[in-house]
Amino acid sequence: MQSAMFSIMALSTASACIIVGVVSVILAIPAGMAIYYLINKKKADKNKTSASNIIQEALNEAKTVKKEAVLEARDEVFKLKSECDAELKERRAEMQRAENRVNQREEFIEKKELLLDSKTEAIEKVKKDLEVKEEEIKKAILEQNNITAKMVEELEKISGLSKEEAKNKLISKFEDEAKKDAAVIVRSIEQEAKDEADKKAKNIITLAIQKCAADTTSEVTVSSVALPNDEMKGRIIGREGRNIRALESATGVDLIIDDTPDTVILSSFDPVRREVARIALEKLILDGRIHPTRIEEMVEKVTRDIEVTIKEAGETAAFDAGINGLHPELIKTLGRLKYRTSYGQNVLKHSLEVSYIAGLMASELGANVNVAKRGGLLHDIGKAVDHEVEGTHVTIGVDLARKYKESKEVIHCIEAHHGGVEYESIEAILVQAADAISSARPGARRESLETYIKRLQKLEEIANQFKGVEKSYAIQAGREVRIIVKPNEVNDDQALFIAKDIAAKIEKEMEYPGTIKVNVIRETRSVEYAK
């Protein structure tokens, strides 16, 4: 019972609490709304006040900016106005200066016009005076021509000669006198120049020759092989001549086996082949085995050895001459000159000698020593292959030098060393002179009797072609020709010109080592007997 009542009381109390809570909530809603309204109103008033302040500040700031902009615009306008005023002032000043210059020019032109007018008047006056004088001169010339014509007629009557005949006679007389005077002057000048040139040239050439020692010639155009006994000839010939045919076929050389004791002669235009045949035959004789197969093997081996020897000879020659940078093929071609002779003179030794002499003379004269030495060493390079290629050794040498990129100066030295073209450099002249010195020195070359006689005959034949020559004699082994002229047809001055003409003709028509002296002799004798 008590518990029931307690439960009812508890229930009543809870209900009361709920009701109180509901009433409180109902009463709290309007109060909360009132409070929210009051808070929002206060915030709105505050925001309104803040916005008013911001607007006012913005208006104030805008007024400040506006004022500053107006001030800046006024300053800019003032600045632009000042600049415009200054530019306008400068333009006005420039216009004033230009106007002044124009005025000055107009004044100058006016003065020029006045001066020109005065000069024109003066020229017209001078022109009139000249016309008057021209008329006077024409009259004077006409009168002079009439007088001259009368004088010419009188002179023609007196002299018995026409005008043209007298003119030709005077010209001939003056020409003879001029020739005589010229001959005297030429002789004097030539003698002075010759004495000085001979003195200097002798010093230079003597110095070059003294520094270059060379052997006399000993090479010939055939080779001989000594045999141990005459029985070896039969072994070389072989059964039915098969050995000698095999040797001649393999080497291209002719073997001459005659009655000469213990000797076999080898003959060929190709010196390299002749050398291969000589060495191969000597080795076969030492070996003792002589048959076609062995001959071919030996010739092939010797050919390879000779190629090496040729290359070494070319390298040694270039080294001895102090020449660098030669093309390998050019060195090999140079080495082939070791087996080539000209008039019995070894061409490689001759080329080295020319290189030395040309280089020494170039150093004395201040010329290009390297070009002179290189041109001297290569000047006869064409002789190494002139029996294989058509053309002169000069043409072949020029082609080889161009092929292997030698310089233009060196090529010109090769091309001009026989005077085939005009000399363009002192080095080319020195190479030609060195070539003549090397060829013409005593013991350098051997000439056949036939060649020697032909040269003497040709010298006398050239000399006898000239008018006034009575006799001529080639002496000094063809190094001098003496010409006896007719004294009643040739005077002393004409003798000088005859010597010059004969020397020029010899240079043009003949080839010879060194120089040839042309000696013209004019002699008159008066003989009377006392009885």
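Structure: see above.
These notes cover the structure that comes with them. On a predicted model such as this, the values are computed, not experimentally measured, just so you know.

1. Describing unusual backbone geometry
Next up, step 1: Its identity is not glycine, yet glutamate 240 carries a phi of approximately 55°, on the positive side.
Next up, step 2: A residue is classified by how much of its surface remains accessible, and glutamate 240, at 69% relative accessible area, is exposed.
Next up, step 3: Unlike most non-glycine residues, lysine 405 shows phi in positive territory, near 60°.
Next up, step 4: One can find lysine 405 in the loop between α10 (393-403) and α11 (408-416).

2. So, helix α5 (residues 271-287)
Next up, step 1: Helix length check: α5 (17 residues) gives 24 Å between terminal C-alpha atoms against 24 Å at 1.5 Å per residue, within 8%.
Next up, step 2: Those residues of α5 that fall on the buried side of the exposure criterion are Pro271, Val272, Arg274, Glu275, Val276, Ala277, Ile279, Ala280, Leu281, Leu284 and Ile285.
Next up, step 3: Following α5 by one or two positions, glycine 288 has its phi on the positive side, about 90°.

3. Considering the pattern of salt bridges
Next up, step 1: As enumerated under the stated definition, the model contains 18 salt bridges in all.
Next up, step 2: Across the salt bridge formed by glutamate 134 and lysine 138, the nearest N and O atoms sit 3.9 Å from each other. With glutamate 134 and lysine 138 both in helix α1 (residues 2-159), this residue pair falls 4 residues apart, about one helical turn.
Next up, step 3: On the basis of relative accessibility, which here comes to 48%, the residue lysine 138 falls in the partly exposed class.
Next up, step 4: Its salt-bridge partner being aspartate 305, residue lysine 301 comes within 3.4 Å of it at the nearest N-O pair. Here the residue lysine 301 and the residue aspartate 305 both occupy positions in helix α6 (residues 292-321), the gap between them amounting to 4 residues, near one helical turn.
Next up, step 5: Under the relative-accessibility criterion, lysine 301 is labelled partly exposed at 38%.
Next up, step 6: Here the salt bridges share partners, and the residues they tie into one network are Glu90, Glu94, Arg97 and Arg101.

4. Topic: α6
The α-helix advances 3.6 residues per turn, and as a result positions three or four apart in sequence lie on the same side.
Next up, step 1: Taking 1.5 Å as the rise per residue, α6 with 30 residues should run 44 Å; its terminal C-alpha atoms sit 43 Å apart, in good agreement.
Next up, step 2: Those residues of α6 not exposed but buried are Arg294, Ile295, Met298, Val299, Val302, Ile306, Ile310, Ala313, Gly314, Ala317, Ala318 and Ala321.
Next up, step 3: Close packing links the buried residues of α6 with α4 (242-251), α5, α7 (328-336), α8 (347-365) and α9 (369-378).
Next up, step 4: Where α6 ends, the next residue or the one after it, glycine 322, has phi of about 75°, a positive value.

5. Describing the pairing of strand β7 (residues 480-485)
Next up, step 1: As paired strands, strand β6 (residues 469-475) and β7 are joined by 6 bridges and run antiparallel to one another. From the neighbouring strand, alanine 474 faces β7, where its bridge partner is valine 481.
Next up, step 2: The sheet contact formed by β7 and strand β8 (residues 517-521) spans 5 bridges and is parallel. Looking across to β8, one finds that valine 481 is bridged to valine 518.

Calculation notes
- Residues numbered from 1 in each chain as written.
- Predicted model: local features only at pLDDT ≥ 70, side-chain atom pairs only at ≥ 80, totals over all residues.
- Heavy atoms only, no water.
- Buried < 20%, exposed > 50% of the residue type's maximum accessible area, 1.4 Å probe, protein only.
- Helix = DSSP H or I, 4+ residues; strand = E, 2+ residues; numbered from the N terminus.
- Expected span 1.5 Å × (residues − 1).
- Salt bridge = Lys/Arg side-chain N within 4 Å of Asp/Glu carboxyl O.
- Contact = heavy atoms within 4.5 Å.
- Pairing = 2+ DSSP bridges.

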